[in-house]
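Analysis of the macromolecular model
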Amino acid sequence: MQIHISMEDRVPIYRQIVKQIKYLRASGRLEPGEEMPTIRGLAEQLRVNPNTVARAYLELEKDGVVTKRHGTGTFVSDLGSPLDRREKMKILTERADTLLAEAEQLNIEFDAVIDLLRVRREEMHVRVGK
Amino acid sequence: MNLPTSSSAGAVISVAGLSRRFGTKPVLEDVSIHVPRGCVFGLLGENGAGKSTLIKHLLGLLRVEAGAVRVFGLDPVAQGVEVLSRIGYLSEARDLPSWMRVDELLRYSAAFYPGWDHVYADELRRQFELETKVRVRHLSQGQLAKAGLLVALAHRPELLILDEPSSGLDPVVRRDILEAIIRTVADEGRTVFFSSHLLDEVERVSDQIAMIHRGRVVLGGTLSDIKERHVCLVVRFPAPRLEIPSLENVVHLQGADREWSIMCQGARGPLEASLAKLGGEVVEERVPTLDEIFVAQATGAGGMAR
Amino acid sequence: MAILCEFWWAKRRLALAAAVLIGLSFPVTWMHARDIQGNAVLEFVSALPIAGSVFLVFVAFNYTERDRRGRFSGFPVRTFTLPVSTTLLVTTPMVAGMVAIATVYLMASTMIFGYAIGVQSPLWPAILLASGMAGYQAILWSLAPHRMIKLVVLGVGGAFHVSLGVALATIEGTWRSLLPAPLGSWSIDLLLLAALTPWCLGFYLGALAAVHSQRHGGMEANSRGTLRRLLEDLSDRLRPRRREPFRSAAAAQFWYEWRRCGCVLPWATFGVLVLIMAPAPFVGEIRAETTVVTLQWILLTPIALAFAVGKGFGKADFWSKDLTVSPFLATRPCGSGDLIRTKVLAALASAMLTWALVFVAAAMWLGHWCDLSSMVKWVTMLGSKFSYERLWVAAGMITVLGVLFTWKLLVNGIYLGVAGERWRWHAHLSFVGALLLGFALLFGMLFAHHHPEEVRLFLIGRAPKLIWLCGALVLLKIWLAYRLWTGAVEREILSAGRAARYFAWWVGVTGCLVYGIWQILPYPVWIRNLLTLMALAFMPAVRLGVALHRLHSHRHA
């Protein structure tokens, strides 16, 4: 599982972990039922304090992204729960906010942004089709 | 600013009101620190701020002139042998005897610590890629640091004290050392106390930090607490100003003309009121990085033009 | 010029000492020149400041600095980054050194010898000293990384120059008388100048090349690599491969002390013995008188060496220049008392091994290559005068005494090095030096006295008072030892059990010594009492106590 922690980011480390794991699950790179690395293992891999990882796991469990089974470890919970779509929308909302703010700053009209989105989607479909 | 004296009952390290002078120069002034069991404690400070002096007090290398120091509830000077046998220490200068071979060094150190685990030591040695037959004087800086860390870790100490573990090392070795430290911490809640001026390391790895500036503790608490306490405000004034008088809770001022950047610690209310009186308006606020907090605390408060 | 000034500022303490010494001694000797002339001893004493100042000039011009990691001292690396050519860097100190030493010598000779003896002194020693200085600096710079080899080459070079000087001094008189004056008086100087100039040029060029290569190539580990690694590989192969862990912390510390301090004395003795005995197979049978004299020297070797080695015994690491206890050692979970105890035990092992070595070597040497006739005669004479069993007891006692004395010399140095303060060391050395000087003067004056018999009777008459004084001093020593050791136990530097065991050891050894003395030398009474008092003061107690307290204070500053 490839997670990248950035110290430059103002966001606390545990929140970065939470966000990235949620993203991985939402984008399908983490499959439901897949086992998560142990707190200790992930801490060693990322070279952060295990307590931070523990806190991230706790929050993920609270949000229903992962489930902890006693003795066997932590596993990704199944997709399809209503929480999921909300999570996905949350991720997209952030990106949308950034895009809109930039458009405002660069003084580009909203309609141009919508057109741009359509064009980019066409392009992506063409590429994927090829 | 001192740490609130939290429950020091189970504290592994307990320093209260420690002061120390070398000659007439005060090196530590009224320092109080409590490190609970299982905590990773980062001690921040610029060079010469007093970090090594504090660490030497913990090891019993310096006698307490004023205040009290207790490690595991014991006095490190009076009960030195017992305290030291439960501590793993890596010194800043990494002064291992240069004439010994690595295997001799391990054999020698093993005799002093009852908890020495030979299997674990060997595993660590292989992980650090240290040859047994090489003499310490032929080791590179990075290998020397690893050897020192090996000696400190192999007896599974309750408390690991590291004085600038990454100083003078390249990023690859720094990673290895950080990994080894994390592994220690993950093992049954052992306590780590380390001093560093590499902020991103401290930020990654610590539970609690304390910052020492000119012998005084200016910041203390958990990382999230500290970040929440500080906020960086960008203030815009209607007319250019040459200087701003010192205001409440301001840690650091920087700027010129109309836009000034103020680092505020604690309650913002009084500060904003004073700023309003001066005609300033807060145009941006953000959470500062630990780097910025550190530099701000180190350079001190004051209304200075850039 | 700036280079020199900057360097001298760094060494100003030494330069000041040299200047003071020279400044004081020269005028003093100058003024008393006439009186000194007759008395051999005082002449010798007056020559000392000159020798001292020459020595100090050599030390002051030791233009080296430790490299970044402090592993060896060589040409100061920081000067390499200055915008000066290598030639200038090398020439300045060398020329300055040569000029300085020549000047010092000339000043000394004209002011002291010239005035007193009224003869124009020869210039050639100045030239010799100058070339010696050039060679000294060249060796220091070019052989920087090889500590041992540097010492050896310096020794050889120094010996060469000194022997040249001595040889020239002896033949000088005859030489001058052979050749017609005024050519004769100057010929030696010119000849020496001619002979030594290419020598000096060689030194200069060699130093230049070495410093140039250092400046542009760096002096990293590879330079001392090959020989050093060879030696290390060899010692690794020879050393027994011990895999099993140490039985206890004390055993581990003992191994450490043995490796660093303990094996120095046996090795040094071995080296010296080899030097002494090496000519034996080639010379053939050794004459009886030479045998006795050489045997005396052989038996004195461990003691003399122990005196020197003991000064460094207290250091945390014998071979380091740094006197402080490194954090690595200070954070060993080992009590200060235990640390001192392992040093003392290592010293004992060292002393025993050294004497065993000496005996085996001496036995071998005596058996194979010596004429034992005079020794046998001497022994029979003593045996008939006293009695054979007394002789055996005496021999046994002397052996034990030798071992104990060597051990005492090693242990007595511990308190010096243990606390990491250089000035104590210097103070101790100067005190010992002054004491030796005082004794030398005393004996010189006694022997030079016109009526030696009177002096002897005078001393013997005063003997009882002397013994009371000695007794008082011994009592003071015992009281001090008691206070120091009980203090150490109170401060928990040492466990009471260990202290008691050492005390028992002390009582046992002293008791045996006193018993031996009373058996062998019951008469005359005053000698017996004096020896008893000396035996009481023999075993190291006060200095060990001091060492305990000092180490504890140093570790917990």
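Preceding block: the structure.
Attention here is on the structure that accompanies the text. (Residues numbered from 1 in each chain as written. Chains lettered and ligands numbered in written order. Predicted model: local features only at pLDDT ≥ 70, side-chain atom pairs only at ≥ 80, totals over all residues. Heavy atoms only, no water.)

Re the sheet that holds strand β2 (residues 25-36) of chain B
By way of backbone hydrogen bonds, the strands of a sheet pair with one another, either parallel or antiparallel. Residues and elements named next belong to chain B. Sheet architecture is open: 3 strands sit in the order β2-β1-β4, paired in antiparallel fashion. Two strands close off the open sheet at either side, each with one partner strand: β2 and β4 (66-71). Neighbour-to-neighbour, the strand axes of this sheet turn through a mean angle of 15°, independent of strand direction. Pairing analysis gives 8 bridges linking strand β1 (residues 11-22) to β2, with the strands arranged antiparallel. What sits directly across from Ile-13, in β2, is Val-35. Sheet strands in contact with helix α1 (residues 51-59) are β1, β2 and β4, and its direction is about 120° off that of β1. (Pairing = 2+ DSSP bridges. Helix = DSSP H or I, 4+ residues; strand = E, 2+ residues; numbered from the N terminus. Axes fitted to C-alpha atoms, helices over the stretch in contact; angles between N-to-C directions. Contact = heavy atoms within 4.5 Å.)

Regarding the state of the cysteines
All names here are of chain B. According to the stated counting rule, one finds 0 disulfides over all chains in the structure shown. Unpaired in terms of disulfides, Cys-232 finds its nearest cysteine sulfur in Cys-264, a separation of 9.8 Å. Exposure remark for Cys-232: the relative accessible area of 4% places this residue in the buried category. (Disulfide = S-S within 2.5 Å. Buried < 20%, exposed > 50% of the residue type's maximum accessible area, 1.4 Å probe, protein only.)

Considering the packing of aromatic side chains
Residues and elements named next belong to chain C. Applying the stated criterion across every chain yields a total of 13 aromatic pairs over all chains. Between Phe-405 and Phe-538, the aromatic rings sit 6.2 Å apart at their centres with planes inclined by 20°, giving stacked as the arrangement. Residue Phe-405 is located in helix α17 (residues 388-412), and its partner Phe-538 is located in the loop between α22 (525-536) and α23 (542-555); the two are separated by 133 residues in the primary sequence. Overall, Phe-538 belongs to the buried group, its relative accessible area being 11%. (Phe/Tyr/Trp six-rings, centres within 6.5 Å; stacked < 30°, edge-to-face > 60°.)

With respect to the sheet that holds strand β10 (residues 230-241) of chain B
Residues and elements named next belong to chain B. Taken in spatial order, the 3 strands line up as β11-β10-β12 in an open sheet, and their pairing is antiparallel. The two strands at the open ends of the sheet, each matched to only one other strand, are β11 (250-265) and β12 (281-286). Going across the sheet, the axis of each strand differs from the next one's by a mean of 30°, ignoring polarity. Pairing geometry for β10 and β12, over 5 bridges, is antiparallel. Directly across from Val-234, in β12, lies its bridge partner Glu-284. Where helix α9 (residues 269-278) meets the sheet, its contacts fall on β10, β11 and β12, and the angle it forms with β10 comes to roughly 10°. Helix α10 (residues 290-299) contacts β10, β11 and β12 of the sheet and is inclined by roughly 95° relative to β11.

Observations regarding empty space enclosed by the protein
In this structure the tally under the stated criterion is 5 cavities of 30 Å³ or more. Size it by volume and the largest cavity reaches roughly 180 Å³. Secondary structure elements with two or more residues in the lining of the largest cavity: β5 (87-90) and α5 (141-153) of chain B together with α14 (327-330) of chain C. Split by residue class, the lining of the largest cavity holds 12 nonpolar, 4 polar and 3 charged. (1 Å grid on protein atoms, 1.4 Å probe; cavity = no way out; pocket = protein on both sides within 12 Å on 5 of 7 lines; lining within 4 Å. Points joined across faces, edges and corners; volume = space filled by probe spheres on them. Nonpolar A, V, L, I, M, F, W, Y, C, P; charged D, E, K, R; others polar.)

Notes on unusual backbone geometry
Of all residues except glycine, most have a negative phi; of all peptide bonds, most are trans. A positive phi is found at Arg-47 of chain A, a non-glycine position, where the angle reads about 60°. Residue placement: Arg-47 of chain A occurs in the loop between α2 (39-46) and α3 (50-62). In this structure, Glu-129 of chain B takes a positive phi of about 55° despite not being glycine. With respect to the helices and strands, Glu-129 of chain B occurs in the loop between α4 (118-127) and α5. Relative accessible area serves as the criterion here: at 62%, Glu-129 of chain B is assigned to the exposed category.

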